[in-house]
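Analysis of the macromolecular model
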Amino acid sequence: MLFSVSAAFALKVDKIVSISVKDDKGKTESRSYRLYVPDNVKDNAPLVVSLHGANGNQLANRPMTTEVADEEGFIVVYPQGKTVDFYLAGMNTTGWVSSGEVNADVEFIKAIIEDVKKNYSVDSKRIYCCGFSNGGMMTYALSNTCADIFAAFASISGFQMNEFHFRHTGARPVPFLHIHGKADDFVKYSLMPTIVDEMVARIGANPVPVKTTVPGKYTKSVYEATEGGFPYVYYEMDGMGHNDMTNNTPEGNSAKTMWAHFKQYTLDTPCDATLKWMPRVEEEGYKPAQHGWINTGKSILRYGGAKHASDNSDHNVYRSFQLDKGNYKLTFKSSGDVGKKFLVRIKKIGGDYVLDTTAEVGEDAAFCFKVEDGWGEYIFALTRNDNADNISVTNIALHSATAEEMTSVSALEASSMDTPRYYNLAGVPSSRLRKGFNIVQTGPNASKTIFVK
């Protein structure tokens, strides 16, 4: 029976709750979480999921604290992580499998939310997630897998590792807050620029931040929301190491800062749910080459690459363009030598092109493509035919595409052809003939099949 507290204040609840869930092999197992309900909680209460770090537990009271829950009247839960192989640290200990995929840990966290909702009046549009260290890594992962459950996210001293699975495929962009110590050499502060760049592009924020510095305390960078997206807020804390809280934020401690961030947002806060990636490289003050982009020689813009080395040290945080199975639409604007053509390519590293076509300077480009073989890392490349060609590209955006958009864009391309277009049997466009079967479209309603050895 749903417990209503509107008529009178309830007694404070602070207990360990066990629930039955499935492990990654589909077997039922018992897992637990700590439930904290303040005595001033009311109907339709917010809920915060707070994730401990590696070697932590559900009693840690971090990174969200029960004191803030008492002050603000929200429910907070502290899930208990299972033993995980942390190969980077060379140990097995409690934590989270933060791969970016839907796995047993993700389903466990979903099950906790449903369990709380069975017994308390929870506002489903005001559920939030935060985490410390490995819990922060899991928070980043959940921003992909559970973007339709959590209204906003916050991480302290934790960012996505394990091959950096951002994926660019969550149900929507999300508001995100990150707090990191400048003296953190465990989850290394020095690697944060890559994290920031990837997440800012994922949520469509302005990549040139508005900065505020309070000497001896912090530098706050606000990557402001643009149309359809959300902001990414980043605190760089002076003198802070690998810690689960700090008292040097503007609100007086990091838990209060996270709540101040959370309470601005609900799942109804407007955004463009189809947005997957918007790097906004044309913003004044943004220097693409300093952020992993290649824009020299024939490369108008090129982004993405594979892991730099076989070891698992700093090389598991690297600049990567990642896609999962789905339909996508790439759009951009071009200027310069009107009428000049240039190559537009998205290629899976170690695999095939999912988009290989041409665009013409001066036209608004829109290309739809499919990813059919699951998650992968890709190279995004816009390439001129001659170094002397004057071509600039702006307003790059990647959205999910509907079946109707896939059809309409393909039809538009076919109707406006002045040269043959090539496709493989799966309908993936190419700028030239490739090995195997090729469908050569020679007119709006004419095509032929050619086999190349």
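Notes on the structure follow. Here the structure is a predicted model, which means the values were calculated and not measured.

The rules behind the values
- Along each chain, numbering runs from 1 in the same order as the chain's sequence is written.
- Local features are withheld for residues below a pLDDT of 70 in this predicted model, meaning they are given only at 70 or higher, and side-chain atom pairs are given and counted only at 80 or more; totals for whole chains, interfaces and linings count all residues.
- To get the side-chain values, all heavy atoms of the structure are used, and hydrogens and water are removed first.
- Helix numbers and strand numbers start at the N terminus; a helix is a DSSP run of H or I with at least 4 residues, a strand a run of E with at least 2.
- We call a residue buried when its accessible area falls under 20% of the maximum for its residue type, exposed when it is over 50%, and partly exposed in between, using a 1.4 Å probe and counting protein chains only.
- Two residues form a contact once any of their heavy atoms are found within 4.5 Å.
- We get accessible surface area from the Shrake-Rupley algorithm with a probe of 1.4 Å; when it comes to residues, only the shown protein chains can shield them.
- Any two strands with at least two DSSP-identified bridges between them are counted as paired.
- To get an axis, fit a line to the C-alpha atoms, keeping to the stretch in contact for a helix; angles then go from 0 to 180 degrees between the N-to-C directions.
- Residues enter a nonpolar core if they are buried and are Ala, Val, Leu, Ile, Met, Phe, Trp, Tyr or Cys, with the set joined through side-chain atoms within 4.5 Å.
- The length a helix should cover is 1.5 Å for every residue beyond the first.
- Angles below 35 degrees are treated as roughly parallel, those above 145 as roughly antiparallel, those between 65 and 115 as roughly perpendicular, and all remaining angles as oblique.
- Lys, Arg, Asp and Glu make up the charged group, whereas Ala, Val, Leu, Ile, Met, Phe, Trp, Tyr, Cys and Pro make up the nonpolar group; the residues left over, Gly among them, are polar.

Focus on the overall build of the protein
Tallying secondary structure elements over the protein gives six helices and 25 strands in all. Across the 453 residues that make up the protein, the buried fraction comes to 54%. Once local pairs closer than 6 in sequence are excluded, the contacts in the protein between residues at least 24 apart make up 68%. Only carbon and sulfur atoms are counted for the fraction: they give 50% of the accessible area of the protein, which is about 19,300 Å².

Concerning the sheet that holds strand 10 (residues 210-214)
To summarise the sheet geometry, strands pair through backbone hydrogen bonds and adopt either a parallel or an antiparallel arrangement. The strand order 1-2-4-3-7-8-9-12-11-10 describes an open sheet built from ten strands, whose pairing is mixed. Of all the strands in the sheet, the pair left with one neighbour each is strand 1 (13-22) and strand 10. Averaged over all pairs of adjacent strands, the angle between strand axes in this sheet comes to 20°, irrespective of strand direction. Where strand 2 (residues 28-37) and strand 4 (residues 75-79) come together, four bridges link them in antiparallel fashion. By the bridge assignment, L35 is partnered in strand 4 with V77. The sheet contacts of helix 3 (residues 134-145) involve strand 3 (45-51), strand 7 (122-132), strand 8 (152-156), strand 9 (176-181) and strand 12 (232-237), and relative to strand 7 the element is tilted by about 135°.

Brief notes about the nonpolar core
Nonpolar side chains in soluble globular proteins tend to be buried together. In this structure, L35, I75, V116, L142, F150, F159 and Y232 are the most contacted members of the largest nonpolar core, which totals 51 residues. Core analysis: the next-biggest nonpolar cluster, separate from the first, contains 31 residues, L301, Y328, F332 and F380 among them.

Some remarks on helix 3
The first and last C-alpha atoms of helix 3 sit 16 Å apart over twelve residues, in line with the 16 Å expected at 1.5 Å per residue. In terms of burial, helix 3 is a largely internal element, twelve of the twelve residues being buried. For helix 3, the complete set of buried residues consists of N134, G135, G136, M137, M138, T139, Y140, A141, L142, S143, N144 and T145.

Points about the packing of helix 2 (residues 104-119) against helix 3
Look at helix 2 against helix 3: their axes get within 11 Å of each other, and the N-to-C directions meet at 80°. The orientation of helix 2 relative to helix 3 falls into the category roughly perpendicular. Residues D105, V106 and I109 of helix 2 lie in contact with helix 3, whose contacting residues are M138, L142 and T145. When its residues are assigned to classes, the contact of helix 2 with helix 3 shows four nonpolar, one polar and one charged.

Side note on the environment of A147
With respect to the helices and strands, A147 occurs in the loop between helix 3 and strand 8. Expressed as a C-alpha distance, the spacing of A147 and A273, which sit 126 residues apart in the sequence, is 9.8 Å. Discounting residues that sit within four places of it in the chain, A147 has contacts with L142, A171, R172, V174 and L267.

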